[in-house]
Amino acid sequence: MKHTRRSRTARLAWLAIPAATGLLLAGCSSSGNSSGAEPQTITFAYGATNDQDKAAYDSLAKSFEAANKSVTVTTQNLPVQSYPTTIATRVQGGNAPDTFYAEGGTGQSNSILPWAKSGLVLPLDDPSIASNLPDSAKSLYTYNGKIYGVPLGTQLNGVIYNDELAQSIGVKIDATTSLDDIIAQCGTARAAGKTVFGLAGSTYQNNGILAVALATSTVYGPNKNWNADRAKNKVTFAGTKGWTTALESIKKLYDAGCFQDGATSAGFDALTNGASSGKILGFFAPSAAAQQIMQAAGGHVKLIALPVGAPQGTKTYLSLSADQGVTASAKTKSPKLATKFLSYIVSEKGQEEYSKQVGTIPVNVSNDSSLLPQYAGIKDEIAKNDTRGYAPTEWPNAKVYTDLGNGVQGILTGQMTVKQVLQQLDTDWG
């Protein structure tokens, strides 16, 4: 797996789960703008991981068409495994689709901000886009005061959790449960033949989600500007106590038997098998996974999304990411239409429509009614803004995240120390 696919693909490898459990390039934009009335047909490219994703993307296009007569949005589903590099090649070559899926922030082959800096994507001047873009996401889509993309929605990077199963064996975990209290209940789960968490420890992606979720509270909770401070060399991974605490906490979970046996060498199949057999209560993934598993189960299982509890005495923050987005080519012949389509995507209607299909949180949540049931347990934290962004979207390169995830496995197997892992991350940062 290429490092440049860190943010979306690295966190979305779990999308094979629903199918496994049973439970739980036509039409490119032309170079330059045409004179006179612009064409009322645009392309919208994406890399759908499954049929549900494809339906959600296509629905956005169809709904926009329905609200704008005589407009056509031609969708292009590009192979997901090669999507980041494919779309990057087309953007650099000047033959990108009019609009297309891309990642907010930096550090990936399909990141929006480097393209904005190079003048390759379209600045969006519609005032409604600026008003609907939440403050927490603006840094991912804004360059030199101009907006260049919009988020598709927000996800919690934390735990997908079967609360009904947990309570049936006497385990009680919610958004307010500290890490220490979670660890104290791991023995209860073990006595019932289960584990609190499943971990695909051989994959840097799954390890990385866990590490970042913990650091969201121990590092970014106290200092939401930690990434900016690191970029200015004011702080380091190795010199930040919160990073040490986060990685040491994973080792404590492991030593307490909170993960399934063989976790350090397990792949994603351990999560699918553990979830389908009821052997694990939860696993680490972006929150949309809950919706997909519940739909695959035909309503026979209820899952919720929870944060990873912070150590006792430390406030728990939600790790929310709005980095999955859509941008438009600077070469489109229909800049006004492309801008209007992106304005629809980030509108309240567009966000609610998309979120209901894929299980995300609308970026412009205005009331509890717009939250899906699986988010009921964290609505208070969202309302109080006890949240932080997904830290790796602002890291300078994907190797930092990859080595973080691989380092977690090294810590659990005894091949690396916490200090060695953090020093490696500082080296990767450059």
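Chemist: Hey, could you run me through the state of the cysteines in this one?
Modeler: Disulfide: a covalent bond formed between the sulfur atoms of two cysteine residues. Under the definition given, this model contains one disulfide. Here Cys 186 is linked by a disulfide to Cys 258, with a sulfur-sulfur distance of 1.9 Å. Negative torsions about the S-S bond denote left-handed disulfides, and the value of about 105 degrees found for Cys 186 with Cys 258 makes this one right-handed. With Cys 186 in helix H9 (residues 179-191) and Cys 258 in the loop between helix H12 (241-255) and helix H13 (268-277), the pair connects residues that are 72 residues apart, well separated along the chain. An identical accessibility class is assigned to Cys 186 and Cys 258; each is buried.

Chemist: Would you mind showing me how to read the side chain of Ser 343 here?
Modeler: Residue position: Ser 343 is located in helix H15 (residues 335-346). Classification of Ser 343 as buried rests on a relative accessible area of 10%. Apart from the residues within four sequence positions on either side, Ser 343 is in contact with Asp 126, Ser 128 and Ile 129.

Chemist: Hey, could you run me through the nonpolar core in this one?
Modeler: Side chains of a nonpolar character, in soluble globular proteins, are inclined to be buried together. Ranked by size, the top nonpolar core spans 63 residues in total, and within it Phe 237, Trp 243, Leu 247, Ile 250, Phe 259, Phe 284 and Trp 395 carry the most contacts. Top contributing element to this core by residue count: helix H10 (residues 204-218), with eight residues. Discounting chain neighbours no more than four positions away, the residues touching Phe 237 are Trp 226, Arg 230, Trp 243, Trp 395, Val 400, Leu 422, Leu 425, Asp 426 and Trp 429. Residues Leu 60, Tyr 83, Val 121 and Val 150 belong to the second largest nonpolar core, which totals 49 residues.

Chemist: Please explain helix H14 (residues 288-296) as it appears in this structure.
Modeler: The periodicity of an α-helix, 3.6 residues per turn, causes residues three or four places apart in sequence to face the same way. Across the nine residues that make up H14, a large majority, seven, are buried. For H14, the full list of buried residues reads Ala 288, Ala 289, Ala 290, Gln 291, Gln 292, Ile 293 and Met 294.

Chemist: Looking at this model, I keep getting lost on the pattern of salt bridges. Mind explaining?
Modeler: Charged atoms that come close allow side chains of opposite charge to pair. Tallied over the entire structure, the rule returns 10 salt bridges. The partner of Lys 62 in a salt bridge is Glu 65, and the shortest N-O contact between them spans 3.8 Å. Here Lys 62 and its partner Glu 65 are both found in helix H3 (residues 51-67), three residues apart, which amounts to about one turn of the helix. A salt bridge links Asp 428 to Lys 399; the shortest N-O distance between them is 3.1 Å. Placement of Asp 428 in helix H19 (residues 418-429) and of Lys 399 in helix H18 (residues 398-413) is noted, with a sequence separation of 29 residues between them.

Chemist: Help me out: how do you make sense of the sheet that holds strand S12 (residues 324-328) in this one?
Modeler: Paired through backbone hydrogen bonds, the strands of a sheet run either parallel or antiparallel to each other. Pairing in this open sheet of five strands is mixed, and the strands run S2-S1-S3-S12-S6 from one edge to the other. Among the strands making up the open sheet, the edge pair consists of strand S2 (72-77) and strand S6 (149-151). Strand-to-strand twist across the sheet, computed as the mean angle between neighbouring axes with direction ignored, equals 30 degrees. Pairing of strand S1 (residues 41-46) with S2 involves six bridges; the strand directions are parallel. Note on S2: the bridge partner recorded for Phe 44 is Thr 75. Docked against the sheet, H3 engages S1, S2 and strand S3 (99-103), running at close to 170 degrees with respect to S2.

Chemist: How should the packing of aromatic side chains be read in this particular structure?
Modeler: Each aromatic ring pair is characterised by the separation of its centres together with the angle its planes make. In the structure shown here, the tally under the stated rule is 22 aromatic pairs. Aromatic side chains Tyr 220 and Trp 243 sit 6.3 Å apart centroid to centroid with 85 degrees between the ring planes, which places their arrangement in the edge-to-face category. One end of the pair, Tyr 220, is in the loop between H10 and helix H11 (226-231); the other, Trp 243, is in helix H12, with 23 residues separating them in the sequence. You'll find Tyr 220 and Trp 243 in the same group, each marked buried. Here the aromatic cluster, defined as three or more aromatic residues joined through ring pairs, consists of Phe 44, Tyr 46, Tyr 57, Phe 64, Phe 341, Tyr 344 and Tyr 354.

What counts and how
- Residues numbered from 1 in each chain as written.
- Predicted model: local features only at pLDDT ≥ 70, side-chain atom pairs only at ≥ 80, totals over all residues.
- Heavy atoms only, no water.
- Disulfide = S-S within 2.5 Å.
- Helix = DSSP H or I, 4+ residues; strand = E, 2+ residues; numbered from the N terminus.
- Buried < 20%, exposed > 50% of the residue type's maximum accessible area, 1.4 Å probe, protein only.
- Contact = heavy atoms within 4.5 Å.
- Core = buried A, V, L, I, M, F, W, Y, C linked by side-chain atoms within 4.5 Å.
- Salt bridge = Lys/Arg side-chain N within 4 Å of Asp/Glu carboxyl O.
- Pairing = 2+ DSSP bridges.
- Axes fitted to C-alpha atoms, helices over the stretch in contact; angles between N-to-C directions.
- Phe/Tyr/Trp six-rings, centres within 6.5 Å; stacked < 30°, edge-to-face > 60°.

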